[in-house]
Amino acid sequence: MGPLRGIRIIDMTTVLMGPYATQMLGDFGADVIKVEAPEGDLVRKIGPARHDGMGPIYLNANRSKRSITLDLKQAEGRAALLRLCADADVLVYNVRAKAMKRLGLSYEDVSAVNPKIVYAGMFGYGQDGPYAARPAYDDLIQGGATIPFLFSRVNEGQPRYVPSAIADRVVGLAAVGAILASIVERERTGLGQRVDIPMFETMVSFVLGDHMGGLTFEPPLDAGGYSRQLSPDRRPYQTKDGYVCALIYTDGHWQRFFAAIGRPEMPAADPRFASFVSRMAHIDEVYGELTRIFLTRTSAEWLDLLEEADVPAMPMYDFQGVLQDPHLVATDFFRVVEHPSEGAIRTMAVPAKWSRSPAGPARHAPRQGEHSEEVLREAGFSPEEIADLLERGIARTAVTYDPAQA
């Protein structure tokens, strides 16, 4: 059942950052109730799908949850949500704080019905600064956290975004940690609290942990940046027939590498390669030399040679290739499971392992409103009250799909 068995989470998040965090909590054993507006989570529409609203990004960020549809703009929908919160451990949202206040769902409103609740907000910017009310998306936060600037340093002046929603996912991970820490604190004190997880501050901390450099000191010792990561030649090495990823880092790595390619004298003969400090001081030249060396063998030859020399290396996979990685195949990381409405889908295992309370996907990613009636019954709504909410469109149930047609 997972280490979070018995924890109930009301999940008001949408798109990616929040759903990614709450999926992890659900995988860890928490009962996650996904509360969707009548129009549904936007991410349901992204990518190819067998049925409307069941796209791949949604399926990969919303398993281990139940779904209820409530119109929170209606007084009865808000009241229903507060009834759900009355015996919940955590409420998670990722809209701006002023939107929650406008809905009558501020921390003060929610804690009035449940003083022990952890009220976790995920939004663009810390709420005590001038950006507090601004909207934020992954691209904007990448820009503010200097990521496109870093690309411009190594890409002929051209800024780029990371081609993954890295800010959403990093902040989602940070939110999991903050929520779990808040639960531990609540167990000690018996009191809930509001916890804010801002994207901008989290990502600046994440990136500048590497790149603050001499700006760490006052007055600064340099203009910032970690030279190894900013070398233009820090990239997968081209081989005779493709690319490999290798990191020859420690003195031991370099000695074994040069011995393996028949040049054991190099670290002692060339002062640029003699020590970690000298390699960092000449990093562009070091990477340039490796670029020339790696062109002399095939990818398979390099991977065999580097493994034999105990030098860290990996293939450079594409999307299809990583599915066949022998380690991931052996650990059963990618699994094809039967979804009740979508048929066979490929999913990924929970990476972390527990010796006593193993975690894993507890439920399929739900259709919108799939569990509306079930969740309302658990909250104490009578059959008549549920029927009334459904009839007036304040709550909604799921569309039924035939899995045979998936």
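Each chain has its residues counted from 1, running along the sequence as written. The predicted origin of the model limits local features to residues at a pLDDT of at least 70 and limits the giving and counting of side-chain atom pairs to 80 or more, whereas totals for whole chains, interfaces and linings rest on all residues. Values shown for side chains rest on all heavy atoms present in the structure; no hydrogens or waters enter the calculation.

## Some details on the layout of surface pockets
The calculated volume of the largest pocket comes to roughly 1,400 Å³. In terms of lining residues, the largest pocket is bounded by 50 residues, among which Pro56, Asn60, Arg346, Thr347 and Met348 are the most central. Under the scheme used here, helices are H or I runs from DSSP no shorter than 4 residues and strands are E runs no shorter than 2 residues, and both carry numbers assigned from the N terminus. Elements with a minimum of two residues in the lining of the largest pocket: helix H1 (17-27), helix H2 (56-59), helix H8 (166-189), helix H15 (319-323), strand S10 (334-339) and strand S11 (343-348). Gly counts as polar in this scheme, as do all residues outside two lists: the nonpolar Ala, Val, Leu, Ile, Met, Phe, Trp, Tyr, Cys and Pro, and the charged Asp, Glu, Lys and Arg. Per-class residue counts for the lining of the largest pocket are 33 nonpolar, seven polar and 10 charged. There is about 1,100 Å³ of room inside the second largest pocket. The distinction between a cavity and a pocket rests on a 1 Å grid over the protein atoms alone: a 1.4 Å probe fits inside a cavity but cannot get out, while a pocket stays open yet meets protein on both sides within 12 Å along at least five of seven lines, and a residue with an atom within 4 Å of a point counts as lining. Residue lining of the second largest pocket: 36 residues in total, with Thr14, Val15, Asn94, Val95 and Arg96 positioned closest to the centre. Grid points are joined across faces, edges and corners, and a volume is the space filled by probe spheres set on the points.

## Some thoughts on the sheet that holds strand S5 (residues 118-123)
Note: two strands are recorded as paired if DSSP finds a minimum of 2 bridges between them. Here we have seven strands laid out as an open sheet, ordered S6-S5-S4-S1-S2-S3-S12, and mixed in their pairing. With partners counted over all chains shown, the strands left at the sheet margins are strand S6 (193-198) and strand S12 (395-396), one partner each. Pairing between S5 and S6: six bridges, direction parallel. In the sheet register, Gly121 faces S6, and the bridge partner there is Asp196. Against the sheet, helix H9 (residues 199-211) makes contact with S5 and S6, and its axis sits at roughly 55° relative to S6, the strand it touches most. By definition in these notes, contact holds between two residues if any of their heavy atoms fall within 4.5 Å. Note on method: axes are straight lines fitted to C-alpha atoms, helices fitted across the in-contact stretch only, with angles between N-to-C directions ranging 0 to 180 degrees.

## Some thoughts on empty space enclosed by the protein
This structure, assessed with the given rule, holds one cavity of 30 Å³ or more. Size it by volume and the largest cavity reaches roughly 90 Å³. The dominant element in the lining of the largest cavity, judged by the number of residues it contributes, is helix H13 (residues 283-294), at four residues. Class assignment for the residues of the lining of the largest cavity results in 11 nonpolar, no polar and two charged.

## Considering unusual backbone geometry
In this model, Glu218 is joined to Pro219 through a cis peptide bond whose omega is 5°. The phi dihedral of Thr146 is positive, around 75°, even though this residue is not glycine. Positionally, Thr146 belongs in the loop between helix H6 (138-144) and helix H7 (147-154). With a phi angle near 55°, Asp332 is a residue other than glycine that sits in the positive phi range. Residue placement: Asp332 occurs in the loop between helix H16 (326-330) and S10.

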